[in-house]
Amino acid sequence: TLNIKYPSEKISLCSGVYLTLSVYDQKEYFGITNVGRNPTLPKDELMSETHIFGDIGDIYEETVKVSFLRRIRSERKFADLSELSLQIERDKISALEMIKELKGI
């Protein structure tokens, strides 16, 4: 998972969950990215959290390019972490369907 703190003036995306494509070491990895303040776990910081599908290895403090492809859903607050975890699984399924569509499968 890539966690990035953004200055509010640097991000122009709407808060929410996105299908993303990350590039590291000349390899491409699809994933999902949440942009926002994580209302279920309130934080004062605008964050971007990318979960990469597949094994990318240890990339702590490495440069990774993340491109936003499609919006999956808007950001929302969940009752608890269990409900949030279930939604993340649904988001992954939605992302995998979008990847199939993009690849023409």
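About the thresholds
- Residues numbered from 1 in each chain as written.
- Predicted model: local features only at pLDDT ≥ 70, side-chain atom pairs only at ≥ 80, totals over all residues.
- Heavy atoms only, no water.
- Phe/Tyr/Trp six-rings, centres within 6.5 Å; stacked < 30°, edge-to-face > 60°.
- Helix = DSSP H or I, 4+ residues; strand = E, 2+ residues; numbered from the N terminus.
- Buried < 20%, exposed > 50% of the residue type's maximum accessible area, 1.4 Å probe, protein only.
- Salt bridge = Lys/Arg side-chain N within 4 Å of Asp/Glu carboxyl O.
- Polar contact = N/O pair within 3.5 Å; in protein donor to acceptor, adjacent residues only side chain to side chain.
- Contact = heavy atoms within 4.5 Å.

Asks: Looking at this model, I keep getting lost on the packing of aromatic side chains. Mind explaining?
Replies: The description of an aromatic ring pair rests on the distance of the ring centres and on the angle between the ring planes. Tallied over the entire structure, the rule returns one aromatic pair. Here the aromatic rings of Tyr18 and Phe68 are separated by 5.4 Å at their centres, their planes lie at 90 degrees, and the arrangement is edge-to-face. Here Tyr18 is found in strand 2 (residues 16-24), whereas its partner Phe68 is found in strand 5 (residues 65-74), with 50 residues between them in sequence. Using a relative accessible area of 6% as the deciding quantity, one classes Tyr18 as buried. A residue is classified by how much of its surface remains accessible, and Phe68, at 28% relative accessible area, is partly exposed.

Asks: Help me out: how do you make sense of the pattern of salt bridges in this one?
Replies: Pairs can form between side chains of opposite charge whenever their charged atoms are close. Inspection of every chain in the model, using the stated rule, returns four salt bridges. The partner of Asp91 in a salt bridge is Arg73, with the nearest N and O atoms 2.9 Å apart. Residue Asp91 is located in helix 1 (residues 81-103), and its partner Arg73 is located in strand 5; the two are separated by 18 residues in the primary sequence.

Asks: What should I look at first to understand the side chain of Thr50 in this one?
Replies: Note on placement: Thr50 falls in strand 4 (residues 47-52). A polar contact of 2.8 Å, which involves the side chain of Thr50, links it to the side chain of Thr33. Excluding anything up to four places from it in sequence, Thr50 contacts Thr1, Leu2, Thr20, Ser22, Ile32, Thr33 and Val66.

Asks: Sorry, what's going on with the side chain of Asp91 here?
Replies: Of the residues examined, Asp91 reaches a relative accessible area of 3% and is grouped as buried. Not counting residues within four places of it along the chain, the set of residues in contact with Asp91 comprises Val17, Ile32, Ile72 and Arg73.

Asks: Help me out: how do you make sense of unusual backbone geometry in this one?
Replies: Across residues other than glycine, the phi torsion is negative in most instances, and most of the peptide bonds are trans. Here the phi dihedral of Asp25 falls at roughly 55 degrees; this positive angle occurs in a residue that is not glycine. On the secondary structure map, Asp25 appears in the loop between strand 2 and strand 3 (27-36). Phi is positive for Asn38, which is not a glycine, with a value near 50 degrees. Of note, Asn38 is situated in the loop between strand 3 and strand 4. For Asn38, a relative accessible area of 16% puts it in the buried group.

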